[in-house]
Amino acid sequence: MLAEIWRKACMMCCMGPICALCRVDIYTLLHQPGPRSLMEKASKEVAELSRKIPGAYVGDECVAETLTYLERIKVGPTPSTLRDIACGRPSEIRELTGALCKLGKEFGVEMPTHEFIASALEAQEALARGEIAYHLEGVPGGKPFFS
């Protein structure tokens, strides 16, 4: 059961945050070299972390199976994390990526891809949660327009 939860994490805790970071749908994530590379690296980090947690190991094939599964998705579908970030709403970045970074430290597993994602989206998340204010000189109203 725990391994199945980590299999899901291998997909969802990587796909959503990377789609949000790159502002792309799932199809584009898998069919553009840069985003796909981030997805592979992030999934490998989750798989490696699962190896350290008793009962959670997803197996060596998890990353390939995750990518194969996602490759069947057609153009257009987007994860909720992307929709939240694109619309300026609070997202699950802290709960997904942030939690993986914390667990990585706890279990001695380096998580450079997830740490990059968390760092790159940190300010956007703080803005969306109202923790800091927008100051965008040259943008009408000083902040993005979200409908």
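Residues numbered from 1 in each chain as written. Predicted model: local features only at pLDDT ≥ 70, side-chain atom pairs only at ≥ 80, totals over all residues. Heavy atoms only, no water.

Re the overall build of the protein chain
Broken down by element type, the protein chain carries seven helices and zero strands. Starting at the N terminus and walking to the C terminus, you meet the elements of the protein chain as α-α-α-α-α-α-α. Radius of gyration (C-alpha) of the protein chain: 16 Å, near the 15 Å computed for a compact globule of 147 residues. When the backbone C-alpha atoms are referred to their principal axes, the protein chain occupies close to 50 × 35 × 25 Å. Scored against the burial criterion, the 147 residues of the protein chain give a buried share of 43%. Put simply, of all contacts in the protein chain between residues at least 6 apart along the chain, 69% involve residues at least 24 apart. Entry remark: accessible area of the protein chain is about 8100 Å², with carbon and sulfur atoms responsible for 58%. For the protein chain, the centre of its 17 positive side-chain charges and the centre of its 19 negative side-chain charges are spaced 3 Å apart. (Helix = DSSP H or I, 4+ residues; strand = E, 2+ residues; numbered from the N terminus. Rg over C-alpha atoms; globule rule 2.2 N^0.38 Å. Buried < 20%, exposed > 50% of the residue type's maximum accessible area, 1.4 Å probe, protein only. Contact = heavy atoms within 4.5 Å. Areas by Shrake-Rupley, 256 points an atom, 1.4 Å probe, with all protein chains shown as cover. Lys, Arg positive; Asp, Glu negative; His and termini not counted. Charge placed at Lys NZ, Arg CZ, Asp CG, Glu CD.)

Some words on the packing of helix α1 (residues 2-22) against helix α6 (residues 93-107)
Closest axis-to-axis distance for the α1/α6 pair is 10 Å, and the angle between their directions is 120°. Taken together, α1 and α6 sit at an angle that is classed as oblique. Where α1 crosses over α6, the handedness of that crossing is left-handed. Two secondary-structure elements touch here, α1 through Trp6, Met12, Cys13 and Pro17 and α6 through Ile93, Leu96, Thr97, Leu100 and Leu103. Its residues placed into classes, the contact of α1 with α6 shows eight nonpolar, one polar and no charged. (Axes fitted to C-alpha atoms, helices over the stretch in contact; angles between N-to-C directions. Parallel < 35°, antiparallel > 145°, perpendicular 65-115°, else oblique. Left-handed = near helix turned anticlockwise from the far one by under 90°. Nonpolar A, V, L, I, M, F, W, Y, C, P; charged D, E, K, R; others polar.)

Digging into a nonpolar patch on the surface
On the surface, a cluster of nonpolar side chains totalling about 350 Å² of accessible area is made up of Met1, Leu2 and Ile5. Along the polypeptide, Ile5 turns up in helix α1. (Patch = residues over 30% accessible without salt bridge, like charges linked within 9 Å, V, L, I, M, F, W, Y side chains within 5 Å. Salt bridge = Lys/Arg side-chain N within 4 Å of Asp/Glu carboxyl O.)

Structural notes on the environment of Ser37
Mapped onto the elements of the fold, Ser37 is located in helix α3 (residues 33-52). For Ser37 and Arg72, which are 35 residues apart along the polypeptide, the C-alpha to C-alpha distance reads 18 Å.

Describing the packing of α3 against helix α7 (residues 112-128)
Contact pair α3 / α7: the axes reach a minimum separation of 8 Å and the direction vectors enclose 115°. Residues Leu38, Lys41, Ala42, Glu45 and Val46 of α3 form the contact with α7, whose own contacting residues are Pro112, Thr113 and His114. Its residues assigned to classes, the contact of α3 with α7 shows four nonpolar, two polar and two charged.

What about the environment of Leu121?
Considering the arrangement of structural elements, one finds Leu121 in helix α7. The spacing of Leu121 and Pro140 is 19 residues in sequence and 23 Å in space, taken between C-alpha atoms.

The values reported here are purely geometric and, on their own, carry no functional implication.
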